Amino acid sequence: MGRFGKKLEQLKFACYCFRKGNDARFMKRVKELDKESNLVSIESYGDESGDELLYFIDMQEVHSGFFAEYNKLLTLLYFADYYHLKPVVRFSQTFCYAEQHPVNGTENPFEYYFMQPCGVSPIDAMKYRHVLKSRKENSNLAIALNENSGGYARSETYLSEMAKIAAKYVRLNDIVREKIQNDINGLGIKAERTLAVHVRGTDFKQHYNGHPVQVTIEEYLQETVRVFQKGAYEYVFLATDDTDAIHVFQKEFGDKAVFYQDVVRSNGNDTVMHSTLPRENHHYLLGLEVLRDMHTLASCEGLIAGLSQVSYAARIQKKSAGKEYADLVILDKGINYHQKENCPA
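Let us look at the structure shown here. In this text, all values refer to a predicted model and were calculated from it rather than measured experimentally.

**Comments concerning the overall build of the chain**
And then number 1: Counting its secondary structure elements, the chain contains twelve helices and nine strands.
And then number 2: Looking at the chain residue by residue over its 345 residues, the buried ones come to 49%.
And then number 3: For the chain, the proportion of contacts with a sequence separation of at least 24, taken over those separated by at least 6, is 74%.
And then number 4: When the accessible area of the chain is evaluated, it comes to approximately 17,800 Å², of which 51% is carbon and sulfur surface.

**What to know about the pairing of strand β9 (residues 327–331)**
And then number 1: What you see with β9 is a clean split: Asp327, Val329 and Leu331 sit on the buried side and Leu328 and Ile330 on the side with no burial.
And then number 2: The pairing of strand β8 (residues 302–306) with β9 spans five bridges and is classified as parallel. Among the inter-strand pairings, Ala305 is bridged to a residue of β9, identified as Ile330.

**Some thoughts on the sheet that holds strand β7 (residues 257–258)**
And then number 1: Pairing is parallel across the open sheet formed by five strands, whose spatial order is β7-β6-β5-β8-β9. On the outer flanks of this sheet lie β7 and β9, each paired with one strand and no other.
And then number 2: Sheet strands touched by helix α10 (residues 243–253): β5 (194–199), β6 (235–240) and β7. Its angle to β6, the strand with the most contacts, is close to 170°.
And then number 3: Along the sheet face, helix α11 (residues 282–299) touches β5, β6 and β8 and points at about 150° away from the line of β6.

**Some words on the environment of Leu76**
And then number 1: Looking at the secondary structure, you find Leu76 in helix α3 (residues 66–82).
And then number 2: Linking Leu76 and Asn138, residues 62 residues apart in sequence, is a C-alpha distance of 6.3 Å.
And then number 3: The contact partners of Leu76, leaving out residues within four places of it in the chain, are Tyr55, Ile57, Met59, Ser134, Arg135, Asn138 and Ser139.

**A few points about the pairing of β6**
And then number 1: In terms of burial, β6 is a largely internal element, five of the six residues being buried.
And then number 2: The pairing of β5 with β6 spans six bridges and is classified as parallel. Looking at β6, one finds that His198 is bridged to Ala239.
And then number 3: Relative to β7, β6 runs parallel, the two sharing two bridges. Paired with Val236 across the bridge in β7 is Ala257.
And then number 4: For the handedness criterion, the β-α-β arrangement of β6, α10 and β7 is classed as right-handed.

**Some words on unusual backbone geometry**
And then number 1: Phi is positive for His84, close to 55°, though the residue is something other than glycine.
And then number 2: Within the element layout of this structure, His84 appears in the loop between α3 and β3 (86–91).
And then number 3: The phi dihedral of Asn281 is positive, around 60°, even though this residue is not glycine.

**Brief notes about the packing of helix α9 (residues 217–228) against α10**
And then number 1: Remark: α9 packs on α10, axes separated minimally by 10 Å, with the N-to-C direction vectors making an angle of 30°. Taken as a pair, α9 and α10 cross one another with a handedness that is right-handed. Every residue of α10 that contacts α9 at Ile217, Tyr220, Leu221, Thr224, Val225 and Phe228 is listed here: Asp244, Ala245, Val248, Phe249, Glu252 and Phe253.
And then number 2: Its residues placed into classes, the contact of α9 with α10 shows nine nonpolar, one polar and two charged.

**Examining the side chain of Ser134**
And then number 1: Inspection of the secondary structure assignment puts Ser134 in the loop between β4 (130–133) and α6 (140–143).
And then number 2: Setting aside anything within four residues of it in sequence, one finds Ser134 in contact with Tyr55, Phe56, Ile57, Asp58 and Leu76.

**Observations regarding the nonpolar core**
And then number 1: Counting 67 residues, the largest nonpolar core has Tyr113, Phe237 and Leu291 as its most contacted members.
And then number 2: Take this core: its biggest share by element is ten residues, from α3.
And then number 3: Apart from residues lying up to four places away in sequence, Leu291 is in contact with Phe66, Phe67, Tyr113, Phe114, Leu172, Val176 and Ile180.
And then number 4: By size, the runner-up hydrophobic cluster in this structure holds 22 residues, among which are Val197, Ala257, Phe259 and Ile304.

Quick notes on the rules
- In this convention, every chain numbers its residues from 1, walking through the sequence in written order.
- Only residues with pLDDT of at least 70 get local features here, since the model is predicted, and only at 80 or more are side-chain atom pairs given and counted; chain-wide, interface and lining totals rely on the full set of residues.
- Remark: hydrogens and water are excluded; side-chain values derive from all non-hydrogen atoms of the structure.
- Secondary structure counts use DSSP, requiring at least four H or I residues in a row for a helix and at least two E residues in a row for a strand, with both numbered from the N terminus.
- A simple rule labels every residue: compare its accessible area, found with a 1.4 Å probe on the protein chains alone, to the largest value its type can have, and call it buried under 20%, exposed over 50%, or partly exposed in between.
- Residue contacts are defined here by distance: any two heavy atoms, one from each residue, within 4.5 Å place the two residues in contact.
- Each accessible area value is a Shrake-Rupley result obtained with a 1.4 Å probe; residue values ignore everything except the protein chains displayed when judging cover.
- When DSSP finds at least two bridges between two strands, those strands are taken to pair.
- Inter-axis angles, ranging from 0 to 180 degrees, are taken between N-to-C directions of lines fitted to C-alpha atoms, where helices are fitted over the stretch in contact.
- Seen with the strands pointing away from the viewer, any crossover whose path from the first strand over the helix to the second strand runs clockwise is right-handed.
- By the definition used in this description, the sense in which the near helix is turned from the far one sets the handedness, with an anticlockwise turn below a right angle giving left-handed and a clockwise turn giving right-handed.
- Classification convention: Asp, Glu, Lys, Arg as charged; Ala, Val, Leu, Ile, Met, Phe, Trp, Tyr, Cys, Pro as nonpolar; all other residues, Gly among them, as polar.
- Residues belong to one nonpolar core when they are buried, are Ala, Val, Leu, Ile, Met, Phe, Trp, Tyr or Cys, and are joined through side-chain atoms within 4.5 Å.

Laid out in structure tokens, this is it:
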């Protein structure tokens, strides 16, 4: 069915709904359809049917941080796995880490960093006669695993299931995998003797509605000192977007505090995600930096963090390798609830 045919069908359905506008039961069911987690759009592309159903995860509305989108992707991959569908992933040019030119040989921002989950590219997907296209509601199947956790919280059941999905479908491409491994080795630390700390600063200071209450640098430091004094660790690896955190941890731990030098950070209230710098592939590198931080956090023996998309991803990554942190401290001060609409774009 061509574009005109689809529009005609949509118009016919809209007219049908208009005529049924006084039927309360009908209107209730139509509204409920939009909330169903198992609905997909069926697209018609090429002439090849293929032996397996393709599930096209087309991430169009990608305006959030790297790991907000990554964690959302895991929920859609969970949907694909649950229904035995073959996933294909594309991030659009609205992705905050997209460039206006190919990176690592691809124009698909997802493939800047990752390999396709099942070896089928979006271009290949266009050859299939019928493709199931994802809807944002499909995420609800995985989100239901959080039981009564709600909000920003994630249950152990959810983290364990997402770890299985990550292990099965998420693979770094060769360029990124080699870069991250070399950089981790370059830190000169023993992972089993390193306590990882993720300090989320910058725009969290704006107290976004529905987001975690900010944990202060001093609170992170206090907990880090407490765990470090147990004597099991030689180093503290610090992953942060806040330059003030670097100064505070260096003052406390000296050379025992290690971190990546080539990272864009800020000491203000603005997210580095929207920063602009005159360096080649700046947006791609912002994504690479936080992806490297996550993998480094996951490689360490202990973790201290707040509620954040990065720390959730690190915990999932750790579990995906069949491992657990010897020390895990999640600082949770609750969620900001207020009327002001100030969520990040």
